[in-house]
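So the chains spell out like this:
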Amino acid sequence: QVELVESGGGLVQAGGALRVSCAASGRTVSNYGMGWFRQAPGKEREFVAAINWSGSRTIYSDAVKGRFTISRDNARNTVDMQMNSLKPEDTAIYFCAGSRWSGSSNVVNEYMYWGQGTQVTVSS
């Protein structure tokens, strides 16, 4: 069993930056793809970014491409996401997720481990 714990959320003004982190425990996630999803009030959970097991391939939603960067440190069993040029529409709870597979995926059903989420609020 894998436990994922997110940290680093907070309140920031539009145009600012935040870095969210995800720490995995229980077993290594170095063989698996990892992703970030987000859910805003009244909306469905949506894909944000994903990274394959080695960190060599990343994918992003169109909404965050060019502004967010996902990375991983397999030695530390962590996955981070740097979020720059934040917009009010980025306000959501951000969830870290561990995939069933080694690749990077934007399909929510391919993820079997989920963290509790961290709140990111961007003020205008």
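Everything numeric in this text was worked out from a predicted model, so none of it was measured.

Colleague: Can you tell me about the state of the cysteines, naming the residues and giving the values?
Modeller: Per the counting criterion, the structure on display carries 1 disulfide. Across the disulfide, C22 is cross-linked to C96 (sulfur-sulfur distance 2.1 Å). Disulfide C22-C96: the torsion about the S-S bond is -75 degrees, which places it as left-handed. A residue pair is termed long-range when its members are at least 10 positions apart, and C22 in strand β3 (residues 18-25) and C96 in strand β9 (residues 92-99) qualify at 74 residues. C96 carries the same exposure label as C22, and that label is buried.

Colleague: Report on the side chain of S99, specifying residues and quantitative values.
Modeller: Within the secondary structure, S99 is located in strand β9. With relative accessibility at 1%, the residue S99 sits in the buried group. Of note is the side chain of S99, whose polar atom sits 2.9 Å from the backbone nitrogen of W101. At 3.4 Å, the side chain of S99 forms a polar contact with the backbone oxygen of E110.

Colleague: Tell me what's going on with the pattern of salt bridges, and back it up with residues and numbers.
Modeller: Applying the stated criterion across every chain, the model contains 6 salt bridges. Note that D80 is salt-bridged to R19, the shortest N-O span being 3.3 Å. Taken together, the residues span a long stretch of sequence, with D80 in strand β8 (residues 78-83) and R19 in strand β3 at a distance of 61 residues. For D80, a relative accessible area of 12% puts it in the buried group. The residue E46 makes a salt bridge to R38 at a minimum N-O spacing of 2.5 Å. Given the relative accessible area of 36%, E46 is considered partly exposed. For R38, a relative accessible area of 6% translates into the label buried.

Rules of the game
Residues numbered from 1 in each chain as written. Predicted model: local features only at pLDDT ≥ 70, side-chain atom pairs only at ≥ 80, totals over all residues. Heavy atoms only, no water. Disulfide = S-S within 2.5 Å. Helix = DSSP H or I, 4+ residues; strand = E, 2+ residues; numbered from the N terminus. Buried < 20%, exposed > 50% of the residue type's maximum accessible area, 1.4 Å probe, protein only. Polar contact = N/O pair within 3.5 Å; in protein donor to acceptor, adjacent residues only side chain to side chain. Salt bridge = Lys/Arg side-chain N within 4 Å of Asp/Glu carboxyl O.

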